[in-house]
Amino acid sequence: MTKIIIGIMGPGEQAKARDLHNADELGRLIAQQGWILLTGGRNAGVMDAANQSAKSADGLTLGILPGCDRNSISNYVDIAIFTDMGSARNNINVLSSNVVIACGMGAGTASEIALAIKGNKPVILLTDDSESQAFFKKLSPDNVYIVESAVDAIAIAKLLVNSQ
């Protein structure tokens, strides 16, 4: 049986307090499902918060890093993949995930959402940015889901992975 990989994409240094709270909750809930957490792997923002909470719940974490700097890895990443590809690694992030959850919004996150839509991956938006919600929902009405909480995101993710 293939393991389920859930990608959490979100801002690094520009993450808001709400994004960090949601990432923390998502990481824990993903680990509790027995799913693998995939992030950008860095020790910043949404990536670090999700990895830390997944590890505290005995989850397995996978980080797809943009460079080769071992000092930038989250301490909570079990498997680090160094790409030396910069933002091009965003395509690896989304194509390796069964479901992509966008936790917050920034330029890198927006690029990952667009790549996920292009790759026909389901995307769950956990952001209060109504302009982003409208834009991405318009691009892919059947594959973009908008939620207000981490619990709602996991409920949708369960439905999506069970239908794959």
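This text follows the structure it describes.
The structure displayed is predicted, hence computed values, not measured ones. Numbering of residues begins from 1 in every chain and follows the order in which that chain's sequence is written. Local features in a predicted model are, by the rule used here, given only for residues with pLDDT of at least 70; side-chain atom pairs are given and counted only at 80 or more, and totals for whole chains, interfaces and linings are based on all residues. As a rule here, side-chain values come from all non-hydrogen atoms in the structure, and water together with hydrogens is ignored.

## Let's talk about the overall build of the protein
1) Next: Where helices and strands are cited, they refer to DSSP runs of H or I of at least four residues and of E of at least two residues respectively, numbered from the N terminus. The helix and strand tally for the protein stands at six helices and seven strands.
2) Next: Across the protein, helices and strands are ordered from the amino to the carboxyl terminus as β-α-β-α-β-β-α-β-α-β-α-β-α.
3) Next: We take the radius of gyration over the C-alpha atoms and set the globule estimate at 2.2 Å times the residue count to the 0.38 power. Over its C-alpha atoms the protein spans a radius of gyration of 14 Å, differing by no more than 12% from the 15 Å that the globule rule assigns to 164 residues.
4) Next: Think of it in three bands: with a 1.4 Å probe and only protein chains considered, a residue is buried below 20% of the maximum accessible area for its type, exposed above 50%, and partly exposed in between. Among the 164 residues that make up the protein, the fraction classed as buried is 52%.
5) Next: Between the centroid of the 13 positive side chains of the protein and the centroid of its 16 negative side chains there is a distance of 6 Å. Positive residues here are Lys and Arg, negative ones are Asp and Glu, while His and the chain termini are left out of the count. For charged residues, the charge sits on one atom: NZ in Lys, CZ in Arg, CG in Asp, CD in Glu.

## So, the pairing of strand S3 (residues 60–65)
1) Next: With five of its six residues buried, S3 lies for the most part within the structure.
2) Next: Crossover handedness is defined by viewing with both strands directed away from the observer: a clockwise path from the first strand over the helix to the second marks the crossover as right-handed. For the handedness criterion, the β-α-β arrangement of strand S2 (residues 36–39), helix H2 (residues 45–56) and S3 is classed as right-handed.
3) Next: Whether two strands pair depends on DSSP finding at least two bridges between them. Sheet analysis places S3 next to strand S4 (residues 79–82), joined by four bridges and oriented parallel. Looking across to S4, one finds that Leu 62 is bridged to Ile 79.

## Some words on the packing of aromatic side chains
1) Next: Stacked, edge-to-face and tilted are the three classes for Phe, Tyr and Trp ring pairs, Trp counted by its six-membered ring, which pair at centre distances within 6.5 Å; planes under 30 degrees apart are stacked, over 60 edge-to-face, the rest tilted. In the structure shown here, the tally under the stated rule is one aromatic pair.
2) Next: Between Phe 135 and Phe 136 the ring centres are 5.1 Å apart and the planes differ by 75 degrees, which places this aromatic pair in the edge-to-face class.
3) Next: Here Lys 137 stacks its cationic end above the ring of Tyr 145, 5.9 Å away from the centre of that ring. Over a ring means this: the NZ of a Lys or the CZ of an Arg is within 6 Å of the ring centre and within 35 degrees of the ring normal.

## Examining the packing of helix H1 (residues 17–32) against H2
1) Next: Whenever a helix is involved, its axis is fitted only over the stretch in contact; in every case the axis is a line through C-alpha atoms, and angles between N-to-C directions fall within 0 to 180 degrees. Contact geometry for H1 and H2: axes closest at 7 Å, N-to-C directions at 35 degrees. For the crossing formed where H1 meets H2, the hand is right-handed. Contact with H1, carried on its side by Asp 19, Leu 20, Ala 23, Asp 24, Gly 27, Arg 28 and Ala 31, involves Gly 45, Val 46, Ala 49, Ala 50, Ser 53 and Ala 54 of H2 and no other residues of that element. In this scheme the handedness of a crossing depends on how the near helix is turned from the far one: anticlockwise by less than a right angle means left-handed, clockwise means right-handed. We call two residues in contact when some of their heavy atoms are within 4.5 Å.

## Description of the pattern of salt bridges
1) Next: One side-chain nitrogen of Lys or Arg within 4 Å of one carboxyl oxygen of Asp or Glu is enough to make a salt bridge. Scanning all chains against the criterion turns up three salt bridges.
2) Next: Here Glu 13 ties to Arg 42 by a salt bridge, and the two come within 3.1 Å at their closest N and O atoms. Here Arg 42 lies in the loop between S2 and H2 and Glu 13 lies in the loop between strand S1 (5–9) and H1, a separation of 29 residues in the sequence.
3) Next: Its salt-bridge partner being Lys 55, residue Asp 78 comes within 3.0 Å of it at the nearest N-O pair. With Asp 78 in the loop between S3 and S4 and Lys 55 in helix H2, this residue pair connects regions lying 23 residues apart in the sequence.
4) Next: Lys 55 sits in the partly exposed class, given a relative accessible area of 27%.

## Some remarks on the sheet that holds strand S5 (residues 99–103)
1) Next: Strand order across the open sheet formed by seven strands is S4-S3-S2-S1-S5-S6-S7, with parallel pairing between neighbours. At either end of the open sheet lies a strand with only one pairing partner, and these are S4 and strand S7 (144–146). If you compare each strand with its neighbour and ignore which way they point, the axes differ by 20 degrees on average.
2) Next: Across the sheet, helix H4 (residues 107–118) lies against S1, S5, strand S6 (123–126) and S7, angled at about 155 degrees from S6, the strand it touches most.

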